[in-house]
Amino acid sequence: MTRRKTQPGALFSGEELLHAYRTMRTIRVFETRIGQEFEKGTIPGFTHLYSAQEAIATAVCMNLLDTDYIGSTHRGHGHSIAKGCDVKGMVAELMGKATGLCKGKGGSMHVADLSKGMLGANGIVGGSAPLCVGAGLSAKTRGTRGVAVSFIGDGGSNEGVVFESMNLAVVLKLPVLFMYENNGYGEATGVSYAVGSGDIAGRAGAFGMPAEKVDGTDFFAVYEAVQRAVARGREGEGPSAIEAMTTRFGGHFVGDPQLYRVKGEIEKQRREMDCIPFFVNRVLKEKSVTRKALQDIDAEVESLIEESVEEALAAPYPGPEELYTDVYKTY
Amino acid sequence: MPNKTIREVIHDTVRDEMRRDPNVILMGEDVAGGAGCSGEDDAFGGAFGFYKGLVGEFGRGRIIDTPISEAAYIGAAAGAAMTGLRPIADLQFFDFLGVCFDQIYNQMAKFRYMFGGKSDTPLVILSLVGAGLRCGAQHSQSLHPQVTAIPGLKVVMPENAYDTKGLLLTAIRDDDPVIFLLHKLQFENACEVPDEEYLIPFGEASFPREGTDVTIVAFSAMVQKAVAVADRLREEGISVEVIDPRTTSPLDEEAILESVEMTGRIVIVDEAWERCSVAADIASIVARKAFAALQAPIITVTAPHTPAPFSPVLEDLYIPSEDDIERAVREVVAYRR
C-alpha cells in the first residue's frame, strides 16, 4: 500500500486529470451542500455522505464505459456522480421531487440510472454484490466485454451474500470487480473489531481471485489497480478484488454525533487523508494542469450545485397518482 | 393432441423459449449436474429432472450450474435481468426462500418502483411447494402467501400441464419478476397439451367445474381435490363451482366475487397455513365486497398452524384432504341463519 511514484502526466492527458478533478470536486461540493440541506430540513429521510472517499469512485469510474455496470451502497452519491448520473436529477431525487432521477420514488439510498450502467444505490448493506455478479454474467453471456463493479464497504464485507457472490463470480469466471472501500467504520463499529482477520483483501483473495490493497486517498494508485482488474475482466480472466483504505469525514449518517470517534480525529484526517488536496498538489507540482484550470472547475462546480439545489427546491413533488405507478409493467 | 406431464411441459417450454430468445438462460443448483465430477455430465438435469438434456443443446454458458448459494444466484438472476438477460432461476424447494428472500423482496420486487419505472426485471423463479413427499418441515412448506404479500412480484401456481405451458410462456416473456410455483406431488400429472404456442394471461381464473350452490376457490394441488369433491356432491344434487385463480398475484377477484354473488357460499382451500394467508385474504375480500350475497360464514380449509410433520401418519393429517373439503362444503350448504 505504498504511494506509487508514477508520473501522472505520463499516464493521463491534462483533460483526463481535469475530468478527475471535476468529478472529485463535484462529489465533495455536492455532499457538503447536501449535508447542509439535510440539516435545514429540505431533504427527508436518511442521508449518508461520501466525503473523503471521492478518489475511489472517480478512479473506478474513469476506467469504465456507459456499457459497464456499477452497483452501489447506501453511501452512493459519489458513485452515482462518478458514473455520470445527472447531478440535477440527483439533488431533486434526494428531495423527493418529481424531477428526480427516479421521479422522487427512490431517494438517497436508491438513486439509479440504468442508461449509465448505474444499477442503483442500495439500502441493503452488501446488496450490490450478487446484482453485480448477475450484471457480469449478463455482459459475459451477451459478449459485450463489459465489466461490473460492486462497491462494498468494510461493513458490507462481512455479509454472507458477499462471500457467496465472490465464490459464484470465481466459479463462473465473471467480469466482476469487488471494490471494497474500507473507511474504518461500519456504522458505529470499527473495522478492527468487526472484520475478523482485519484483512478484507486477504479474505477476498482466499476465494481464488487477485486481490490487492491500495491507498484510497491516492487517485492514481486506485486508478492503476482498477485498470488491472478491469482489463482482467474484459479479457475473460474472471473477477478481482480491491480494498481501498480510506476514511469518512462525516458520521454514518448526517446528524450522527460520532461519539465513537476520539476528539480531533476528523480534523487530523482532513489534514492527512484528504484525497483532493493530495491530487491537486501532485498535478500542480508535476505541472500537468494549471491552477487556473482547477479554479475554473471550482467555480463551475459551485454554480452547478447551487443551480441544482435551487431548481430542485422549486420543482414540484410527484402527484398523488405516482403512488400507484411503476409497481409492475403490467398487472 | 399429445398428452404431456407437467415435467415434460417445463422441459419443452424452457427449451422452446431458449431457442426463440438467446437472452433466456437457466441457472440454479444442478440444472445440469455433473460439473466438476468425473462421472456423467447432465447427471441431474435439475433436482427433479425437468431440464434433462438441455445442457447438451445449449451448453453450460446458458444452462448454468451454480454452487449451493441461493442468495448469490437468485440475486445474480436479478442483476442479469436488469441488464438484458431473461433468466429462469430454478430454486429446488421454495422452502429455500429463507436464504434468498432479501434478493426477492428487497431487490428485484422493488427495482421498477424505486428507480421511477426505468428498470425491467424479467426473470422467473421456478420452484416447488407442498407437502406429501415425506420430507419434513423444511422441504414441504407452501410459502406462496409470503411472496403474494409483496408488491412488485407476480405469483403463479398452475395445477395442470395445459396451464403450466401457457402460464410459463407468459412468465418468461413478462418484464416483471415472476415466482412460478409447482406442487411437488403433481409434476407427473398429464393432460392434453397443444404443440402450438399459447399464452395464458395472469390474473385470469379458470373454472374446472361450474356450479350454482357453493363456490370453492382452490389452489395448486388442492384443485384436483376440490374437483373430486364437486363431482361426488353433484350426484347428491349439490352443485359446486370450483375456481382455480391460477395466479395469487395478480388475483382474479372478479371471478371469485361474481361466483359468490351467485352461490352465496364459499369455501377456500389452500395448503398454506391460514394465518395471514391467501385463503384469509380471499375470505377478507369476499366479506368486504360480497357481504350482502353471503348466506353462510366463509370457511377456509388449510394446513393447521404447525410445521409439516415427517411421520406419514401425521403428514396425511396435515395436508387438507378431500374429506376436509367435503365437510366444509356440507357445512356451508347446511347453514341456516
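Worth saying up front: this structure is predicted, and the values here are computed from it rather than measured. (Residues numbered from 1 in each chain as written. Chains lettered and ligands numbered in written order. Predicted model: local features only at pLDDT ≥ 70, side-chain atom pairs only at ≥ 80, totals over all residues.)

## With respect to the confidence of the model for chain B
Step number 1: When pLDDT is averaged along chain B, the result is 97, and 100% of the positions lie at 70 or above.
Step number 2: Confidence estimates for the predicted assembly give a pTM of 0.96 and an ipTM of 0.96. (pLDDT = per-residue confidence, 0-100.)

## A word on the packing of helix H6 (residues 128-142) of chain A against helix H7 (residues 160-172) of chain A
All names here are of chain A.
Step number 1: Taken N-terminus to C-terminus, the directions of H6 and H7 make an angle of 15°; their axes are 8 Å apart at the nearest point. Relative to H7, the element H6 is oriented roughly parallel. The element H6 and its partner H7 pack so that their crossing is left-handed. Residues Ala 129, Pro 130, Val 133, Gly 136 and Leu 137 of H6 touch H7, and the partners they reach there are Val 161, Val 162, Ser 165, Leu 168, Ala 169 and Leu 172.
Step number 2: The residue inventory of the contact of H6 with H7, partitioned by class, reads nine nonpolar, two polar and no charged. (Axes fitted to C-alpha atoms, helices over the stretch in contact; angles between N-to-C directions. Helix = DSSP H or I, 4+ residues; strand = E, 2+ residues; numbered from the N terminus. Parallel < 35°, antiparallel > 145°, perpendicular 65-115°, else oblique. Left-handed = near helix turned anticlockwise from the far one by under 90°. Contact = placed C-beta atoms within 7 Å. Nonpolar A, V, L, I, M, F, W, Y, C, P; charged D, E, K, R; others polar.)

## Concerning the packing of helix H2 (residues 14-40) of chain A against helix H12 (residues 275-285) of chain A
All names here are of chain A.
Step number 1: Axis separation between H2 and H12 bottoms out at 10 Å; the angle between their running directions is 155°. By the criterion of interaxial angle, the relationship of H2 to H12 is roughly antiparallel. For the pair H2 and H12, the sense of crossing is left-handed. Seen from H2, the contacting residues are Leu 17, Tyr 21, Met 24, Arg 25 and Arg 28; seen from H12, they are Cys 275, Ile 276, Phe 279 and Val 283.
Step number 2: Here the residues of the contact of H2 with H12 sort into seven nonpolar, no polar and two charged.

## Section: helix H9 (residues 253-263) of chain B
Residue and element names in this part refer to chain B.
Step number 1: Inspection of H9 places Ala 255, Ile 256, Ser 259, Val 260 and Thr 263 among the buried residues, and these make up the whole buried set. The buried residues of H9 all sit within an arc of 125° when viewed along its axis, so they share a single face.
Step number 2: Here the buried face of H9 lies against strand S10 (214-218), strand S11 (240-244), strand S13 (266-273) and helix H10 (278-289).
Step number 3: Of the residues flanking the end of H9, it is Gly 264, one or two places downstream, whose phi is positive at about 75°. (Buried ≥ 20, exposed ≤ 12 C-beta atoms within 10 Å, placed from the backbone. Arc of directions from axis to C-beta.)

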